[in-house]
Amino acid sequence: MERDIHSGYNDLKQVEIEMFVETAEKMVGQATMSLDRDMLEGAKQAIANAHDQLSRARRQATGVDEEFLSHYEQKLAKAEHQLNEALR
């Protein structure tokens, strides 16, 4: 029974990570298309929030598998690179 609760917690953490990273990607896409300073700052904050969420998942050792975390870290790194290019 306890294992089911733990598994559900991991599912919730995965959904949270997906949400944070996908939100950051969308915000970066919109901000880099418009080059609006406020949108760029919002995208920068969304990336920071997603990094925090990924770091928290690693620190808490929630059971979210390594492949999953690596995949979303790579997606976030690409979005961050795109944003950094736009900020130049």
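Residues numbered from 1 in each chain as written. Predicted model: local features only at pLDDT ≥ 70, side-chain atom pairs only at ≥ 80, totals over all residues. Heavy atoms only, no water.

The protein has the name Cytosolic protein in an unreviewed UniProt entry, where Parageobacillus toebii is given as its organism.

Student: Explain the side chain of Gln53 to me, and be specific about the residues and the numbers.
Tutor: When you line up the elements, Gln53 lands in helix 2 (residues 37-60). In this structure the side chain of Gln53 is engaged in a polar contact, spanning 2.9 Å, whose partner is the side chain of Glu16. Reaching out from Gln53, the side chain makes a polar contact with the side chain of Arg56 at a distance of 2.8 Å. When sequence neighbours within four positions are dropped, the list of residues in contact with Gln53 reads Lys13, Glu16, Ile17 and Phe20. (Helix = DSSP H or I, 4+ residues; strand = E, 2+ residues; numbered from the N terminus. Polar contact = N/O pair within 3.5 Å; in protein donor to acceptor, adjacent residues only side chain to side chain. Contact = heavy atoms within 4.5 Å.)

Student: If you had to explain the nonpolar core to someone new, which residues and values would you point to?
Tutor: Counting 19 residues, the largest nonpolar core has Ile17, Val21, Leu54 and Leu76 as its most contacted members. Of all the secondary structure elements, the ones that give two or more residues to this core are helix 1 (2-34), helix 2 and helix 3 (66-87). Apart from residues no more than four positions distant in its own chain, Leu76 is found in contact with Val21, Ala24, Ile47, Ala50, His51 and Leu54. (Core = buried A, V, L, I, M, F, W, Y, C linked by side-chain atoms within 4.5 Å. Buried < 20%, exposed > 50% of the residue type's maximum accessible area, 1.4 Å probe, protein only.)

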